[in-house]
Amino acid sequence: SEKSYSDFDKMFIEVYHDFYNNLNAMASLFQKDLRLASYIIMNISINEITTISGVSLRTVESQRYRLSKKLNLKKDQNLNSFLLSI
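So, a few notes on the structure that sits alongside this text. (Residues numbered from 1 in each chain as written. Predicted model: local features only at pLDDT ≥ 70, side-chain atom pairs only at ≥ 80, totals over all residues. Heavy atoms only, no water.)

1. A short note on the packing of aromatic side chains
The description of two aromatic rings rests on the distance between their centres and on the angle between their planes.
In step 1: The final tally for this structure, using the stated rule, is 6 aromatic pairs.
In step 2: Seen in terms of ring centroids, Phe12 and Phe19 are 5.8 Å apart; in terms of plane orientation they differ by 75°. Their pairing is edge-to-face. Note on accessibility: Phe12 and Phe19 belong to one class, buried.
In step 3: The ring of Tyr5 is capped by Arg35, whose NZ or CZ atom sits 4.0 Å from the centre of that ring. (Phe/Tyr/Trp six-rings, centres within 6.5 Å; stacked < 30°, edge-to-face > 60°. Buried < 20%, exposed > 50% of the residue type's maximum accessible area, 1.4 Å probe, protein only. Lys NZ or Arg CZ within 6 Å of the ring centre and 35° of its normal.)

Here it is in structure tokens:
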């Protein structure tokens, strides 16, 4: 539900103060992009993300691909490593 997502976002910001700001400075991202990035930062697996989000594995893979494109990552750059370096 949206309230759960809102609560999650508030708690995430408390722990990772500037992460969303730093990420948004690199690219214009939607809330679902930010949420996916936050799951990755928290080391949540793709299978766990599908369960949390209620979407298919293919959808999460597509979201990861689109996020990589928005961040202008090269094909040899790892999304997880990049996000952890922010």
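2. Brief notes about the environment of Phe19
In step 1: Tracing the chain through its elements places Phe19 in helix H2 (residues 19–26).
In step 2: Separated by 19 residues in the primary sequence, Phe19 and Ser38 place their C-alpha atoms 8.5 Å from one another.
In step 3: Sequence-distant contacts of Phe19, that is, excluding residues within four places in its chain, are made with Phe12, Ala37, Ser38, Ile41, Leu83 and Ile86. (Helix = DSSP H or I, 4+ residues; strand = E, 2+ residues; numbered from the N terminus. Contact = heavy atoms within 4.5 Å.)

3. Things to note about the pattern of salt bridges
In step 1: The final tally for this structure, using the stated rule, is 4 salt bridges.
In step 2: Between Asp7 and Lys3 there is a salt bridge whose closest N-O contact spans 3.1 Å. One end of the pair is Asp7 and the other is Lys3, both in helix H1 (residues 2–15) and 4 residues apart, which spans about a single turn.
In step 3: Between Arg35 and Asp9 there is a salt bridge, with the nearest N and O atoms lying 3.0 Å from each other. Within this pair, whereas Arg35 is found in helix H3 (residues 31–41), its partner Asp9 is found in helix H1, the two being separated by 26 residues in sequence. As far as the burial class goes, Arg35 and Asp9 line up, both buried. (Salt bridge = Lys/Arg side-chain N within 4 Å of Asp/Glu carboxyl O.)

4. A few points about the nonpolar core
In step 1: Among the nonpolar cores identified, the biggest contains 23 residues, and Phe19, Leu23, Leu67, Leu71, Leu79 and Leu83 are the most heavily contacted of them.
In step 2: For this core, the secondary structure elements donating two or more residues are H1, H2, H3, helix H5 (57–70) and helix H6 (79–84).
In step 3: Counting residues per element, this core draws most heavily on H3, at 6 residues. (Core = buried A, V, L, I, M, F, W, Y, C linked by side-chain atoms within 4.5 Å.)

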